[in-house]
Amino acid sequence: TQLLEQSPQFLSIQEGENLTVYCNSSSVFSSLQWYRQEPGEGPVLLVTVVTGGEVKKLKRLTFQFGDARKDSSLHITAAQPGDTGLYLCAGEGSNYQLIWGAGTKLIIKP
Amino acid sequence: NAGVTQTPKFRILKIGQSMTLQCTQDMNHNYMYWYRQDPGMGLKLIYYSVGAGITDKGEVPNGYNVSRSTTEDFPLRLELAAPSQTSVYFCASSFREGPYEQYFGPGTRLTVT
């Protein structure tokens, strides 16, 4: 069974600080996606990474896919209150379906 | 462009009752999915469909049924509701399976008491 573990489960920091959240597995994934979910809404895609070692940047957000395609990280620079939300990683499993992590709940305090 | 719409937004069911959660997408996507999201547990795939007339079980299909008579609609049927089915249900669609974006509806919050 393919599993994705996200850490930390919860993070509360001040505006302007940097943070990193992690998505780890013992399984290899063909690709990995990061979504952000706000209360009362469905997840929205932030990025898809498909190549081992790949780094993608989305403004202040930097996403990295591990060389072995078993893990990924999301780094936020100078966090802002608008970054508050639930961050979910999802890996493309062996049957092409997405395997979801439990999420990191991020709160940025002004 | 409405994207993926779901109704109802909230529902309270008594144990043993049945209901249908509606899902419609206007993006002409062949692939559609039903997930449930429990607190701290991430999203679990209930059923999915790769096109009209084709459905398949996901990770947690027991207690649910689906149909896909058109490309646009993918209703989820709960028969004999149980407290374990209390959850938030999301419908999603995508152009294809694999590394393609899944577009989600706003969710249905269901409580079974």
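Check the entry above for the structure.
Computed from a prediction, not measured in an experiment: that's the story for all the values here.

### Structural notes on the environment of Val 88 of chain B
Residues and elements named next belong to chain B.
Phase 1: Counting through the fold element by element, Val 88 comes out in strand β9 (residues 87–94).
Phase 2: For the pair Val 88 and Ser 69, spaced 19 residues apart in the sequence, the C-alpha separation amounts to 24 Å.
Phase 3: Excluding anything up to four places from it in sequence, Val 88 contacts Tyr 35, Arg 36, Gln 37, Thr 108 and Arg 109.

### Digging into the sheet that holds strand β8 (residues 71–76) of chain A
Residue and element names in this part refer to chain A.
Phase 1: What the five strands build is an open sheet, ordered β1-β3-β8-β7-β6; its pairing is antiparallel. Looking at which strands have only one partner, the edges of the open sheet turn out to be β1 (5–7) and β6 (55–58). Going across the sheet, the axis of each strand differs from the next one's by a mean of 15°, ignoring polarity.
Phase 2: One ladder, built from four bridges, connects β6 with strand β7 (residues 61–65); its direction is antiparallel. Residue pairing across strands places Val 55 opposite Gln 64, the latter belonging to β7.

Definitions and cut-offs
Residues numbered from 1 in each chain as written. Chains lettered and ligands numbered in written order. Predicted model: local features only at pLDDT ≥ 70, side-chain atom pairs only at ≥ 80, totals over all residues. Heavy atoms only, no water. Helix = DSSP H or I, 4+ residues; strand = E, 2+ residues; numbered from the N terminus. Contact = heavy atoms within 4.5 Å. Pairing = 2+ DSSP bridges. Axes fitted to C-alpha atoms, helices over the stretch in contact; angles between N-to-C directions.

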